[in-house]
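Residue-level structure breakdown
Below, each chain spelled out in residue letters.
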Amino acid sequence: MITFTLWDILRNLLLATRWTILLSLVSFLGGGMVGLGLLFLRISKRKAFRVIAKYYIELFQGTPLLMQLFIAFFGLGLFGIDVPAWLAAGLALTLWSAAFLAEIWRGCVEAVAKGQWEASASLGMGRLQQMRYVILPQALRVAIPPTVGFSVQIVKGTALTSIIGFVELSKAGTVVTNATFQPFTVYGLVALIYFGLCWPLSKSSQILERKLNVAHRNH
């Protein structure tokens, strides 16, 4: 009978953690880029653009991420499109993240006083110039804490990708458990690793929020 040491178990879990981190980064950065595009559509003066962004956001916020992963992997296969698990996972998490990030940022943009729009318009700035030089810099300060906070949700959301066979941390935990028959040890370590990934993000979000509140009061 093969025996597994604590280090053997931890080493295998840490190898899978690399994929969890990579998938989280891809989803956050990709979702950020798509979300920024959605933001501009959401606040556009053209109703058609606002409607498109609105329904996109409602669709991805109103349906389970698990279902979106299932469709990205198995749904496309029905049309003869062979999608690797890592690509389907990255695509689904990116589109899901974009919807939430767009709404977070829209709220931050709308938190900027209307007088700032009026003042920049009086200087002859166009819509894009207003956003670039006046609105976004102010909204960014408000957006940082909730954006960093949402990154925690992305990290935890990667655990659902095991449904399509992507071997990230939680999937590796299942595989290692089946090999070692030590579920409490394995999943205890999995929980600690997730905590080690998410706690610094949560803490940094709280610190940033406190700093911004202090800066706002001083201002």
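Everything numeric here is computed off the predicted structure, so don't read it as measured data. Sequence order as written defines the numbering, with residues in each chain counted from 1. Per-residue local features are limited, in this predicted model, to residues with pLDDT of at least 70; the limit for side-chain atom pairs, both in listing and counting, is 80 or more; totals at the level of whole chains, interfaces and linings are taken over all residues. Computation of side-chain values: all heavy atoms of the structure, hydrogens and water removed.

**Description of the overall build of the protein chain**
Cut-off, in case you're wondering: Runs of E in the DSSP output that reach at least two residues are strands. Runs of H or I that reach at least four are helices, and both are numbered from the N terminus. Accessibility here uses a 1.4 Å probe with only protein chains present; expressed as a share of the type maximum, an area under 20% marks a residue as buried, one over 50% as exposed, and anything in between as partly exposed. By definition, residues are in contact when any of their heavy atoms lie within 4.5 Å. Neither His nor the chain termini are counted; the positive set is Lys and Arg, and the negative set is Asp and Glu. In this description, the location of a charge corresponds to atom NZ of lysine, CZ of arginine, CG of aspartate or CD of glutamate.
For the protein chain, the count of helices and strands is eight helices and zero strands. Listed by position from the N terminus, the elements making up the protein chain come as α-α-α-α-α-α-α-α. For the protein chain, the C-alpha atoms occupy an extent of roughly 80 × 50 × 20 Å along the three principal directions. Taken over 219 residues, the protein chain has a buried fraction of 38%. In the protein chain, the proportion of contacts linking residues at least 24 apart, taken out of those at least 6 apart, comes to 76%. The averaged location of the 8 negative side-chain charges in the protein chain is 8 Å from the averaged location of its 19 positive side-chain charges.

**Focus on a nonpolar patch on the surface**
Stated formally: Patches here are clusters of residues that have more than 30% relative accessible area and form no salt bridge, with a 9 Å joining cutoff for like charges and a 5 Å cutoff for nonpolar side chains (Val, Leu, Ile, Met, Phe, Trp, Tyr). Computed with the Shrake-Rupley method and a 1.4 Å probe, the accessible areas treat only the protein chains shown as cover for residues. A carboxyl oxygen of Asp or Glu within 4 Å of a side-chain nitrogen of Lys or Arg is what we treat as a salt bridge.
The grouping of Leu-66, Met-67, Phe-70, Ile-71, Phe-74, Leu-160 and Ile-163 at the surface amounts to a nonpolar patch, some 580 Å² of accessible area in total. Mapped onto the elements, Leu-66 comes out in helix α3 (residues 65-77). The exposure class assigned to Leu-66 is partly exposed, which follows from its relative accessible area of 36%.

**Focus: the nonpolar core**
Side chains that are nonpolar tend, in soluble globular proteins, to be buried together. Counted only if it meets this: Take the buried residues of types Ala, Val, Leu, Ile, Met, Phe, Trp, Tyr and Cys, join any two whose side-chain atoms come within 4.5 Å, and each joined set is a nonpolar core.
If you look at the biggest cluster of nonpolar residues, it comprises 29 residues, and the most contacted ones within it are Trp-96, Trp-105, Val-109, Ile-135 and Phe-150. If you list the elements that add at least two residues to this core, you get α1 (6-42), α3, α4 (85-110) and α6 (127-157). Sort the elements by how many residues they give to this core and α4 lands first, with 11 residues. When sequence neighbours within four positions are dropped, the list of residues in contact with Trp-105 reads Gly-32, Gly-35, Leu-36, Leu-39, Ala-143 and Thr-147. Val-152, Ala-172, Val-176 and Leu-189 belong to the second largest nonpolar core, which has 14 residues in total.

**Regarding the UniProt feature "domain: ABC transmembrane type-1" (unreviewed entry) in the protein chain**
Test applied: UniProt positions are given in the numbering used here, feature names are shortened, and annotations may be inferred rather than shown by experiment.
The residues that UniProt annotates with the feature "domain: ABC transmembrane type-1" (unreviewed entry) are residues 17-205. Regarding residues 17-205, the helix share stands at 82% and the strand share at 0%, and the terminal C-alpha atoms are separated by 22 Å.

**Some points on the confidence of the model for the protein chain**
To keep it simple, the criterion reads: Per residue, pLDDT captures the predictor's confidence, and it can take any value from 0 to 100.
The predicted model of the protein chain has a mean per-residue pLDDT of 89, with 96% of residues at 70 or higher. Helix α5 (residues 114-122) is the least confidently modelled element of the protein chain, averaging 79 in pLDDT, while helix α2 (residues 47-61) averages 96, the highest of any element.

**So, α3**
Spelled out, the test is: Each helix should span, by expectation, one fewer than its residue count multiplied by 1.5 Å. Bend at a residue means the angle formed by two fitted axes: the first through the 7 residues ending at that position, the second through the 7 residues beginning there.
Look at α3: 18 Å from first C-alpha to last across 13 residues, which is about the 18 Å you get at 1.5 Å a residue. Roughly 35° is the biggest bend found in α3, and it falls at Ile-71. Regarding α3, the residues found buried are Leu-65, Gln-68, Leu-69, Ala-72 and Gly-75. Those residues of α3 that are buried are in contact with α2, α4 and α6.

**Structural notes on the packing of α4 against α6**
We apply this condition: A fitted line through C-alpha atoms represents every axis, and for helices the fit uses only the stretch in contact; the resulting angles, taken between N-to-C directions, go from 0 to 180 degrees. Here the angle decides the label: under 35 degrees means roughly parallel, over 145 means roughly antiparallel, 65 to 115 means roughly perpendicular, and every other value means oblique. Throughout, a crossing is termed right-handed when the near helix is turned clockwise from the far one, and left-handed when it is turned anticlockwise from it by less than a right angle. Three classes are used, and their members are as follows: Ala, Val, Leu, Ile, Met, Phe, Trp, Tyr, Cys and Pro are nonpolar, Asp, Glu, Lys and Arg are charged, and the others, Gly among them, are polar.
Taken N-terminus to C-terminus, the directions of α4 and α6 make an angle of 150°; their axes are 9 Å apart at the nearest point. Taken together, the axes of α4 and α6 lie roughly antiparallel to each other. Where α4 crosses over α6, the handedness of that crossing is right-handed. Together, Leu-93, Trp-96, Ser-97, Phe-100, Leu-101, Ile-104, Trp-105, Cys-108 and Val-109 of α4 and Ile-135, Leu-136, Ala-139, Val-142, Ala-143, Pro-146, Thr-147, Phe-150, Gln-153, Ile-154 and Gly-157 of α6 make up the contact between the two elements. A per-class count over the contact of α4 with α6 returns 16 nonpolar, four polar and no charged.

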